[in-house]
Amino acid sequence: MLNGHFRSAGASIEHGDASVLFPVEELDATVFQRRDAELALADAEGENVIVIAPTSLASSYFLTQHTLTAIPIDELAPGVRSTLADALDTPIEAFDLIQIGKWVTDSLDHSLAEYTDT
């Protein structure tokens with residue numbers, strides 16, 4: 001799946017409405033990036049994923065350059081979750097993950113976490 005859940009996502013939130021997620025490194029939540037994000041998203045059903053959608057050329061560039069990121073919704077702070085919920089027509093509790101960025105090629109990179117059970 002090269003594009004993650006961009007075609008099968010259950011919902012999308014415009015980039016501007018998702019500003020509380022940036023920078024993702026400052027979130028008080030688990031944040032999966034790169035290969036770990038690919039694995040988390042591969043395990044999720046598309047309808048359970050919210051994607052962050054561009055609203056302009058600048059936000060499109062920002063999102064396509066952003067490292068593929070998956071954030072479990074239930075780990076977000078209540079205030080962040082509430083802000084994001086305001087941008088949705090469906091209750092945020094219906095979703096599992098937020099996807100930022102997209103897969104553009106198959107990744108050959110491997111996470112060191114894959115080797116912890118060997």
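Details of the structure are given in the entry above.
Thresholds, definitions, all that
Residues numbered from 1 in each chain as written. Predicted model: local features only at pLDDT ≥ 70, side-chain atom pairs only at ≥ 80, totals over all residues. Heavy atoms only, no water. Buried < 20%, exposed > 50% of the residue type's maximum accessible area, 1.4 Å probe, protein only. Helix = DSSP H or I, 4+ residues; strand = E, 2+ residues; numbered from the N terminus. Pairing = 2+ DSSP bridges. Phe/Tyr/Trp six-rings, centres within 6.5 Å; stacked < 30°, edge-to-face > 60°.

A. Broad picture of the pairing of strand β3 (residues 49–53). The element β3 is largely enclosed, with a buried count of five among its five residues. Of the two faces of β3, the one carrying Val 49, Val 51 and Ala 53 and the one carrying Ile 50 and Ile 52 are both buried. Bridge count for strand β1 (residues 11–14) against β3 is four bridges, and the pairing is parallel. Directly across from Ser 12, in β3, lies its bridge partner Val 51. The pairing of β3 with strand β5 (residues 97–100) spans three bridges and is classified as parallel.

B. Representation of the sheet that holds β1. The strand order across the open sheet built from five strands is β1-β3-β5-β4-β2, with neighbouring strands paired in mixed fashion. Of all the strands in the sheet, the pair left with one neighbour each is β1 and β2 (32–33).

C. Structural context of the packing of aromatic side chains. In total, this model carries one aromatic pair according to the counting rule given. Pairing Phe 22 with Phe 62 gives two aromatic rings, centres 5.2 Å apart and planes at 80 degrees, and the pair type is edge-to-face. Highlighted residues: Phe 22 in the loop between β1 and β2 and Phe 62 in helix α2 (residues 57–65), separated in sequence by 40 residues. On the basis of relative accessibility, which here comes to 34%, the residue Phe 62 falls in the partly exposed class.

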